[in-house]
Amino acid sequence: MPILRVGLLVVGWLIVAVLGVVALLRLVAWDVAEPLIVLDALTLVIYLPAWVVAAGALIARRWWLAGAALVMVVAQVAFAAPELLASAPVPSWAAANAPVVRVFDANIDKSLVFQSGYVRAIEQDHPDLVTLEEFTPPALTAMQASGVLARFPYRCAAPAFGATGFLVASRLRLAGCRILTVFSAGEQTPYLVEATVSTPGGPVALRVVHTLAPFPAYWREWSAALAAVGQSVRASGDSRMLMVGDFNATWGNRGFVALLHDGLTDGAAARGQATGMTWPNGALVPPFVRIDHVLTGARLAVTAIAARGGFGSDHRYLLATVAIRS
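Residues numbered from 1 in each chain as written. Predicted model: local features only at pLDDT ≥ 70, side-chain atom pairs only at ≥ 80, totals over all residues. Heavy atoms only, no water.

Trainee: Please explain the sheet that holds strand β2 (residues 129–133) as it appears in this structure.
Mentor: In any sheet, the strands associate via hydrogen bonds between backbone groups, in a parallel or an antiparallel arrangement. The strand order β3-β4-β2-β1-β12-β11 describes an open sheet built from six strands, whose pairing is mixed. The strands lining the two open edges of the sheet, one partner per strand, are β3 (154–158) and β11 (300–308). Within this sheet the neighbouring strands show an average axis-to-axis angle of 15°, counted without direction. Relative to strand β4 (residues 166–170), β3 runs antiparallel, the two being bridged by five bridges. From the neighbouring strand, C156 faces β4, where its bridge partner is V168. Against the sheet, helix α6 (residues 116–125) contacts β1 (100–107), β2, β11 and β12 (317–324), and its axis sits at roughly 170° relative to β1. (Pairing = 2+ DSSP bridges. Helix = DSSP H or I, 4+ residues; strand = E, 2+ residues; numbered from the N terminus. Axes fitted to C-alpha atoms, helices over the stretch in contact; angles between N-to-C directions. Contact = heavy atoms within 4.5 Å.)

Next up, the structure:
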């Protein structure tokens, strides 16, 4: 059917043209505007249609279209390679009976009632450290009523209605807790919790991150918060840093990659789980982006990490084992 073939050819060229613009803007205007931030965050998936176009064009012997589509395939491979090739063996010191801390991190999605599923997961997973984002006052009340907090005597709670609340609950001594905010749109927005955790391997600088999603209403706050997270890392220079949370960013985003250049290691990528997606946590659409992370300084290492289904949240939660070099 000539009309169908022409239609498919037009669609193929349209896909390649749009992805070509996205790739070009990644090179010359990385994350400079809200739409680009979202597109760049989706680097691992957004170019996949080019693979289909390339295969179809090769079969149909449409050589110019096949060549253009293959250029997009190569662009995706080049953009994604650093993350996909970050896998490495667990450091020898971490595999040799180093002290460990089990971390449970979840964005609970502004839950007004703390979901019983999280209570059961915390009881079953036996974490030493629980960090929660989008933590609300009703969620705190529900969590206290459940009794799950009884095993975590050290806490730093900053609940808030909306998406800016935090909770840090620890079996290990927690000190120096403070909430950092970024000023934007006429108000202070919390984006980071700083604290020190006394572990069997020595003190660890804890940072719990939640940048607001880079949607049109918040993308300037997102940019400012992620830049401020980077400044915090550079200011402390702490090789014993543990940074966890919902960054609303991936290896496709410039500000997140800057954290890795500043000496932090992405625990999931290091353990070969770069495609362990954390959002969305839905039944209809499988997770297709990894925006929740566990990052470590040079004297810490993630030895195991898993993304598991959340409860009443649009995020999967992370359970990680972190070794500490004494």
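On we go.
Trainee: It is not clear to me how the layout of surface pockets should be interpreted in this structure. Could you clarify?
Mentor: Gaps left between atoms show up when a probe the size of a water molecule is rolled over them. There is about 500 Å³ of room inside the largest pocket. As for the largest pocket, its lining consists of 28 residues, and the residues nearest its centre are L212, A213, P214, F215 and N248. At the level of elements, α2 (34–41) and β6 (187–199) are the ones that each hand at least two residues to the lining of the largest pocket. Top contributing element to the lining of the largest pocket by residue count: α2, with three residues. Here the lining of the largest pocket is built from residues that sort into 15 nonpolar, six polar and seven charged. As a volume, the second largest pocket reaches approximately 280 Å³. Surrounding the second largest pocket, 13 residues form its lining, L8, L9, G56, A57 and L65 being those nearest its centre. Listing elements by their share of the lining of the second largest pocket, those giving two or more residues are α1 (2–28) and α4 (48–60). No other element matches α1, which puts six residues into the lining of the second largest pocket. (1 Å grid on protein atoms, 1.4 Å probe; cavity = no way out; pocket = protein on both sides within 12 Å on 5 of 7 lines; lining within 4 Å. Points joined across faces, edges and corners; volume = space filled by probe spheres on them. Nonpolar A, V, L, I, M, F, W, Y, C, P; charged D, E, K, R; others polar.)

Trainee: In this structure, what is going on with the packing of α1 against α4? I would like to understand it.
Mentor: In a pair of packed helices, the angle between the axes and the distance between the axes together describe the arrangement. With their axes 10 Å apart at the nearest point, α1 and α4 run at an angle of 140° to one another. On the basis of the axis angle, α1 is oblique to α4. The element α1 and its partner α4 pack so that their crossing is left-handed. Between α1, through G12, I15, V16 and L19, and α4, the contact on the second element is made entirely by P49, A50 and V53. Among the residues forming the contact of α1 with α4, the class breakdown is six nonpolar, one polar and no charged. (Parallel < 35°, antiparallel > 145°, perpendicular 65-115°, else oblique. Left-handed = near helix turned anticlockwise from the far one by under 90°.)

Trainee: What exactly am I supposed to notice about empty space enclosed by the protein here?
Mentor: Per the counting criterion, the structure on display carries three cavities of 30 Å³ or more. Surrounding the largest cavity, 17 residues form its lining, A41, L44, E83, T250 and W251 being those nearest its centre. Each residue belonging to the lining of the largest cavity can be placed in one class, and the counts come to 10 nonpolar, four polar and three charged.

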